[in-house]
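# Coordinate inspection notes
Residue-level listing of the chains:
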Amino acid sequence: MPAEPQLTPQQQLAHRGFPMLLTPTMADCMRQPQEQDPIYRQFWPSAEELQNPPHYTTDPLQEAASSPMPGLVHKYQGRALLHLTDACPVHCRYCFRRHGAITSPMDPQAEQQLVDHLAQDHTLQEIILSGGDPLMLNAPKWHWWMTQLAQLPHLQRIRIHSRVPVADPSRLTIPMLETLQNTAKSVVLVIHCNHAQELTPASEVALQACRQAGFLVLNQSVLLAGVNDSAEILAKLNLALVGLGVLPYYLHLLDTVQGAAHFEVSPQRAMEIMRQLHQCLPGYALPKLVRERPELPGKEPIHWF
Ligand SMILES: *Cc1c(COP(=O)(O)O)cnc(C)c1O
Ligand code: SF4
């Protein structure tokens, strides 16, 4: 990142609402002209964030309503989300958490309470570490959490939702992977990549290490106007991922969070893109088009065929 990014006064305002954050890895992926660059658009504060259409809110998913205690969101059957940190490697301008709707723990006492709760809920088969970004935890914290999760007999799977393998691959260290492997649970890693331009030699190495560790590696993307809203761009992304052994999982419609309206792609356009992708991709390279609805017991599939 340039030491002193040149921001216009309006970009400054957007930046104050949600501080700009990107890694050298992502900054190196940017190309000229910046305004048309899919990486720049994802991470650089924009005057467009100051628009305020009525149906865009600060907590579009109403996660707080499904959070019985700090750090836990339990909405879907058999699987619960843990938010162990607010930290992320980058700040994605379209993120539904940009207003900090959900807060993480945690002092050691709150962490222990959370672990006790997980131990008592035998319906939980899967813990999803989300965030913030769970791979931003420091090594001792990571080790502590993995040790706790390993001890839950009813837990089958640990799932990690992370942008680190793409945005800051050097953070994914071999000891962290080994700790995860040693839990003796199935591990699913869901990375978040929106454009083939985000994939670098360093991220390829990190993903290869995850596959060699025996993890199932999936990708989720958000459909974003001006970033990846074409079949051509998404075909290229998903084939590049498949080439790295990463299967496309979800293609999300944008969450209607305040400040992100300029990224909106209509459901009609999304369905059109899916129909085009269907014509040119093998079935395993086709993500599921979904939308998050706070009142539903799972993601809402959008039928496009
Ligand atoms: C997305 C999400 C999950 C995971 O859903 P899958 O369809 O299994 O990927 C779990 N809990 C919450 C609250 C979620 O938003
Ligand atoms: S939670 Fe994920 S999408 Fe949101 S800012 Fe962090 S890395 Fe980006």
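The chain has the name L-lysine 2,3-aminomutase in an unreviewed UniProt entry, where Magnetococcus marinus is given as its organism. Under the UniProt heading Sequence similarities (unreviewed entry), the entry covering the chain gives this text: "Belongs to the radical SAM superfamily. KamA family."

## Quick word on the site of ligand 1
Ligand 1 sits among V73, K75, Y76, R79, L81, I128, R159, Y249, Y250, E292 and K299. E292 has a polar side-chain atom sitting 3.3 Å from an oxygen atom of ligand 1. Between ligand 1 and the protein, one listed contact pairs an oxygen atom with a side-chain N or O atom of K299 at 2.8 Å. Contact with the protein chains removes 93% of the 390 Å² of surface that ligand 1 exposes when unbound. Residue assignment for the shell around ligand 1 shows that the elements contributing at least two residues are β1 (72-76), β2 (79-83) and β7 (247-252). Here the shell around ligand 1 gets three residues from one element, more than from any other, and that element is β1. Taken together, the residues of the shell around ligand 1 break down into six nonpolar, no polar and five charged.

## Considering the site of ligand 2
Taken together, the residues surrounding ligand 2 are C88, V90, H91, C92, C95, R163 and H192. Looking at side-chain class alone, the shell around ligand 2 contains four nonpolar, two polar and one charged residues.

## Brief notes about unusual backbone geometry
Cis rather than trans, the peptide bond between Q32 and P33 has omega equal to -10°. Cis geometry marks the peptide bond from G131 to G132, where omega comes out at 10°. With respect to the helices, strands and loops of the structure, G132 is situated in the loop between β3 (126-130) and α5 (139-150). The backbone phi angle of Q62 is positive, close to 50°, even though this residue is not glycine. By the secondary structure assignment, Q62 is in the loop between α3 (38-43) and β1. The exposure class of Q62 is partly exposed, given its relative accessible area of 46%.

## With respect to the packing of aromatic side chains
Tallied over the full model, the rule gives five aromatic pairs. Considering the side-chain rings of W144 and W145, the 5.1 Å spacing of their centres and the 85° angle between planes classify their relative orientation as edge-to-face. For W145, a relative accessible area of 1% translates into the label buried. For the pair W304 and F305, a centre-to-centre distance of 6.0 Å together with 80° between the ring planes defines the contact as edge-to-face. According to the relative accessible area criterion, W304 is buried, its value standing at 15%.

## Description of the packing of helix α4 (residues 108-120) against α5
Relative orientation of the contacting elements α4 and α5 amounts to 25°, with a least axis distance of 11 Å. Classified by the interaxial angle, the pair formed by α4 and α5 is roughly parallel. Here the hand of the crossing between α4 and α5 comes out right-handed. Counted together, E111, Q112, L114, V115 and L118 of α4 and K141, W144, W145, Q148 and L149 of α5 form the full contact between these two elements. Split by residue class, the contact of α4 with α5 holds six nonpolar, two polar and two charged.

Rules used in this analysis
Residues numbered from 1 in each chain as written. Chains lettered and ligands numbered in written order. Predicted model: local features only at pLDDT ≥ 70, side-chain atom pairs only at ≥ 80, totals over all residues. Heavy atoms only, no water. UniProt positions renumbered as here; feature names shortened; annotations may be inferred. Near = heavy atom within 4 Å. Polar contact = N/O pair within 3.5 Å; in protein donor to acceptor, adjacent residues only side chain to side chain. Areas by Shrake-Rupley, 256 points an atom, 1.4 Å probe, with all protein chains shown as cover. Helix = DSSP H or I, 4+ residues; strand = E, 2+ residues; numbered from the N terminus. Nonpolar A, V, L, I, M, F, W, Y, C, P; charged D, E, K, R; others polar. Buried < 20%, exposed > 50% of the residue type's maximum accessible area, 1.4 Å probe, protein only. Phe/Tyr/Trp six-rings, centres within 6.5 Å; stacked < 30°, edge-to-face > 60°. Axes fitted to C-alpha atoms, helices over the stretch in contact; angles between N-to-C directions. Parallel < 35°, antiparallel > 145°, perpendicular 65-115°, else oblique. Left-handed = near helix turned anticlockwise from the far one by under 90°. Contact = heavy atoms within 4.5 Å.

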